Amino acid sequence: MRARWSVEVGCALLAAVLAAGCRQQTGSGGGNGLQGGRPPTPVGSSVGHGAQFLGVGECSSFGTTSFTEVPCGGERAAARVVARYDGAASGGPACPPATDFVLHISEQRPASDEDGDGVIPQGYACMRNLQPPHPGDPGGGGGPRTVVGDCVYGVGDGQVRETACDGSGRRKPQYQVVRAVAARSLCPASTALYVQLGGDQPVGCARRM
C-alpha cells in the first residue's frame, strides 16, 4: 500500500494555533499574534503492511524522499507512532506532548493495492524518535506543540520561534514557558510573554531568560 507523505517537525512561526499542534504567541504588550506557520513539505511515498498504514505502535524508517513502515525491532526503524488520527491535522486532535514530529498522509485511492481495500484515507501520525534527540520534549527546541519548559526567541512583528533551552540550537533562547494557566490574569507578575498552548490551560506564562 502506498501513500504520499509530508513531515512537520515543528511550526516555522509559532504564531498560529492549530488543533493538531501549531502555536500562537504574543508578547507581554498584548495584541493579537500574527498568523504564519510553514505548510507541510511533501517528501515522497511510503509503503505500509498492516491493516492501518502506520497504526499506533508501528514504526517507520527515515529517508530523504520517503518513509516506509518497518518492523520496530529492525535496524531501519527510526520512529514509533504514538497517536494516529484520520482527517486533516488542522481540524483534528492535538498530538501528545511527547511527539517529535508529525507525518501527514494524503488520501489515496489506487486501482489495486496489497490488501485489496483500494483506499488509504487522509490522516496524520504523531511520531516519537526511537533514539535521542527528542525535540518534542520540554526544552528540546522542536516538536509540533509548545509545552511548559520550552524556550523561544523573538523574530519580530510579535512572532517567536522555538529553540533548545540549553543553547545548542541555531539561536539562543530568550524566554522560557514556566507555567500553564487558564487565563493571563493567573500568570505571575514576572511574566514577559504569553504563549497560547491550547487545551484546558491554554495560556503559557513565559519568563525572560
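Our structure's up above, just so we're on the same page.
What you see is a predicted model; the values in this text were computed from it and never measured.

Rules and cut-offs
- Residues numbered from 1 in each chain as written.
- Predicted model: local features only at pLDDT ≥ 70, side-chain atom pairs only at ≥ 80, totals over all residues.
- Heavy atoms only, no water.
- Disulfide = S-S within 2.5 Å.
- Helix = DSSP H or I, 4+ residues; strand = E, 2+ residues; numbered from the N terminus.
- Buried < 20%, exposed > 50% of the residue type's maximum accessible area, 1.4 Å probe, protein only.

**So, the state of the cysteines**
- One pass over the full model with this rule turns up four disulfides.
- The disulfide bridge from Cys 59 ends at Cys 72, spanning 2.0 Å between sulfur atoms. Here the S-S torsion is close to 100°, and the disulfide linking Cys 59 with Cys 72 is therefore right-handed. Placement of the pair is Cys 59 in strand 4 (residues 59-60) and Cys 72 in the loop between strand 5 (69-70) and strand 6 (79-86), with a sequence separation of 13 residues.
- Take Cys 59: its relative accessible area is 0%, and that puts it in the buried class.
- Judged by relative accessible area, which is 26%, Cys 72 ranks as partly exposed.
- Paired through a disulfide, Cys 187 and Cys 205 show a sulfur-sulfur distance of 2.0 Å. With the S-S dihedral at roughly -80°, the linkage between Cys 187 and Cys 205 falls on the left-handed side. Taken together, the residues span a long stretch of sequence, with Cys 187 in the loop between strand 11 (175-181) and strand 12 (193-196) and Cys 205 in strand 13 (residues 203-208) at a distance of 18 residues. Summarising the burial analysis for this pair, Cys 187 and Cys 205 share the class buried.

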